[in-house]
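Below, each chain spelled out in residue letters.
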Amino acid sequence: MAESMSTESRAIVQVSLKIGKYPPKLDEIDQVEVCGICLDESPRLSHVIEECHHVFCADCLHFHCHNEMDQGTWLIKCPGSGCDVTISADVLWAVLDEKTFIKQQKRAEEQEAERRVLAEEVEVDWCPRCRAISRVSSEVYSNGRRRADCEKCGYPFCTKCRSWWHGKVRISW
């Protein structure tokens, strides 16, 4: 008889056992934690993203974080459908090993700095030394040369020839 029980009925029974009432109230049924990725009900090791209240089991959240980092995304968003909340450092600390967490935090800071510079709508260029984003000076020198200073490594360079900034000195092409 228990085998023919529907998923919905099984959820009601599980909730009633959890809260000690049968039948449970409708708002109590919604309190069953279900992983937003694998849909496992009442995952053993679950994490709640506090800002959006989405719940994920540790294994799924660990896989999601590593998948995002493998794709070059270091500001990791909640995997909930349509959710744009960035996962907090507390949750990341719980699902990542220490070495990966430190690497993720460092890269996330760099990615956030790049995002802020791009949001300012100033002209930017990529540093030829470290490939980080750099703000370009508004002052234009002869032959359209402009100076850019890398915010990561401090390398000053010419936006035209991509070498070390040579100032107002004329260079022959």
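Higher on the page you've got the structure.
The rules behind the values
All residue numbers refer to position in the chain's written sequence, counted from 1. Only residues with pLDDT of at least 70 are given local features in this predicted model, and only at 80 or more are side-chain atom pairs given and counted; all residues enter the totals for whole chains, interfaces and linings. Only hydrogens and water are set aside when side-chain values are computed; all heavy atoms of the structure are taken into account. Within this scheme, the nonpolar core is defined by two criteria: the residues are buried Ala, Val, Leu, Ile, Met, Phe, Trp, Tyr or Cys, and they are joined through side-chain atoms within 4.5 Å. The buried label applies to any residue whose accessible area, calculated with a 1.4 Å probe on protein chains only, is under 20% of its type's maximum; exposed applies above 50%, and partly exposed to all values in between. Numbering goes from the N terminus for both helices and strands, where a helix is a DSSP run of H or I of at least four residues and a strand is a run of E of at least two. Strand pairing follows a simple DSSP-based rule, namely that at least 2 bridges must link the two strands. Each axis is a line fitted through C-alpha atoms, taken for helices only over the stretch in contact, and angles between the N-to-C directions span 0 to 180 degrees. What makes a salt bridge here is a side-chain nitrogen of Lys or Arg within 4 Å of a carboxyl oxygen of Asp or Glu, nothing more. Whether two residues are in contact is decided by their heavy atoms, any of which lying within 4.5 Å being enough. What qualifies as a polar contact is a pair of N or O atoms within 3.5 Å, subject to a donor-acceptor requirement within protein and to the restriction that residues adjacent in sequence count only when both atoms come from side chains. Whether two aromatic rings pair depends on their centres lying within 6.5 Å, for rings of Phe, Tyr and Trp, where Trp uses its six-membered ring; planes under 30 degrees apart make the pair stacked, over 60 edge-to-face, and the rest tilted.

> I'm lost on the nonpolar core in this one. Help?
Among the nonpolar cores identified, the biggest contains 21 residues, and Ile49, Leu61, Cys65, Cys78, Ile87, Leu92 and Leu96 are the most heavily contacted of them. Mapped onto this core, the elements with two or more residues apiece are β2 (54–57), α3 (58–70), α4 (89–95) and α5 (98–119). Among the elements that make up this core, the one with the highest residue count is α3 (four residues).

> I tried to follow the sheet that holds strand β4 (residues 133–136) on my own but got confused; where do I start?
Note on sheets: strands pair through backbone hydrogen bonds, and any given pair is parallel or antiparallel. Read from one edge of the open sheet, four strands run β3-β4-β5-β6, paired in antiparallel fashion. A strand with exactly one partner marks an edge of an open sheet, and here the two such strands are β3 (124–126) and β6 (156–158). Each strand axis lies, on average, 35° off the axis of its neighbour in the sheet, ignoring direction. Sheet analysis places strand β5 (residues 147–150) next to β6, joined by three bridges and oriented antiparallel. Bridging across to β6, Ala148 finds its partner in Phe157.

> Sorry if this is basic, but what is going on with unusual backbone geometry here?
Among all residues except glycine, the phi angle is most often negative; among peptide bonds, the trans geometry is most common. Located in the positive-phi region is His53, a residue other than glycine, with phi close to 65°. Judged by relative accessible area, which is 60%, His53 ranks as exposed. Positive phi, close to 70°, is recorded for Arg162, a residue that is not glycine. Considering the arrangement of structural elements, one finds Arg162 in the segment after β6.

> How should I be thinking about the pattern of salt bridges in this particular structure?
Opposite charge on two side chains makes pairing possible when the charged atoms of those side chains draw close. In the structure shown here, the tally under the stated rule is four salt bridges. In this structure, the salt-bridge partner of Asp84 is Lys77, at a minimum N-O distance of 3.9 Å. Residue Asp84 is classed as exposed on the basis of its relative accessible area, which comes to 60%. Among the residues examined, Lys77 registers a relative accessible area of 31% and is labelled partly exposed. Between Lys152 and Glu110 there is a salt bridge, with its nearest N and O atoms 3.6 Å apart. Of the two residues, Lys152 is situated in the loop between β5 and β6 and Glu110 in helix α5; the sequence distance between them amounts to 42 residues. The exposure class of Glu110 is partly exposed, given its relative accessible area of 25%.

> Can you walk me through the environment of His54 in this structure?
As for its position among the elements, His54 is in strand β2. According to the relative accessible area criterion, His54 is partly exposed, its value standing at 28%. Spatially, the C-alpha atom of His54 lies 9.5 Å from that of Ser81, the residues being 27 residues apart in sequence. Sequence-distant contacts of His54, defined by excluding residues within four places in its chain, comprise His47, Val48, Ile49, Cys78, Gly80 and Cys83.

> Whenever I open this one, the side chain of Asp125 confuses me. Can you help?
Mapped onto the elements, Asp125 comes out in strand β3. A polar contact is formed between the side chain of Asp125 and the side chain of Arg162, at a distance of 2.7 Å. The residues touching Asp125, leaving out its near neighbours within four places in the chain, are Ala132, Ile133, Ser134, Val136, Phe157, Thr159 and Arg162.

> Just to check I follow, could you spell out the packing of aromatic side chains for this structure?
How two aromatic rings sit relative to each other is given by the distance of their centres and the angle of their planes. One pass over the full model with this rule turns up three aromatic pairs. For the ring pair Tyr155 and Phe157, a centre distance of 6.1 Å and an interplane angle of 15° mean the geometry is stacked. One exposure class covers both Tyr155 and Phe157, and it is buried. Assessed through its relative accessible area of 11%, Tyr155 is described here as buried. Here the aromatic residues Tyr155, Phe157 and Trp164 are joined through ring pairs into a cluster of three or more.

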